[in-house]
Amino acid sequence: MAFKPDTTGTVPIFLLMVALAGGVQAQSWPSKPIRFIVSFPPGGSADLVARAIATPMSERLGQTVVVENRPGAAAISASTRWR
């Protein structure tokens, strides 16, 4: 005898989810400036690469990209800044 899962409630739930999904609209993203956090001091190679990436990213997304340097504490201070 083969195992047959109970799927009696699956179809109505799926149809309900599809019906409710029609009212959802996408939000404009990003809605505020993007912070590009670099865990090294300004003027170094990581800073230069971040700034080189930030310019085309800003043009492509149509949003301001701010490069923020947070050196110190073996990059722990920068990793705690993202939220």
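Anyway, here's the lowdown on the structure attached to this text. (Residues numbered from 1 in each chain as written. Predicted model: local features only at pLDDT ≥ 70, side-chain atom pairs only at ≥ 80, totals over all residues. Heavy atoms only, no water.)

Some thoughts on the nonpolar core
Counting six residues, the largest nonpolar core is built from Ile34, Val38, Ala50, Ala54, Val65 and Val67. Listing elements by their share of this core, those giving two or more residues are strand E1 (34-38), helix H2 (45-61) and strand E2 (65-69). When near neighbours in sequence (up to four residues on either side) are disregarded, Val65 contacts Ile34, Phe36, Ala54, Met57 and Ser58. (Core = buried A, V, L, I, M, F, W, Y, C linked by side-chain atoms within 4.5 Å. Buried < 20%, exposed > 50% of the residue type's maximum accessible area, 1.4 Å probe, protein only. Helix = DSSP H or I, 4+ residues; strand = E, 2+ residues; numbered from the N terminus. Contact = heavy atoms within 4.5 Å.)

Details of the side chain of Asn69
In this structure, Asn69 sits in strand E2. One polar contact links Asn69 to Asp47, side chain to side chain, over a distance of 3.3 Å. For Asn69, the side chain forms a polar contact with the side chain of Arg51, separated by 3.4 Å. Setting aside residues up to four positions removed in sequence, Asn69 forms contacts with Val38, Phe40, Pro41, Pro42, Asp47 and Arg51. (Polar contact = N/O pair within 3.5 Å; in protein donor to acceptor, adjacent residues only side chain to side chain.)

Overview of H2
Taking 1.5 Å per residue as the helical rise, H2 with its 17 residues ought to reach 24 Å, and the 24 Å between its terminal C-alpha atoms agrees with that figure. Within H2, burial applies to Asp47, Ala50 and Ala54. Buried residues along H2 sit against E1 and E2. Backbone geometry just after H2 places Gly62 at a positive phi near 70 degrees. (Expected span 1.5 Å × (residues − 1).)

Re the environment of Gly62
Structurally, Gly62 is set in the loop between H2 and E2. Gly62 sits in the exposed class, given a relative accessible area of 64%. For the pair formed by Gly62 and Pro33, sequence separation is 29 residues and the distance between their alpha carbons is 9.9 Å.

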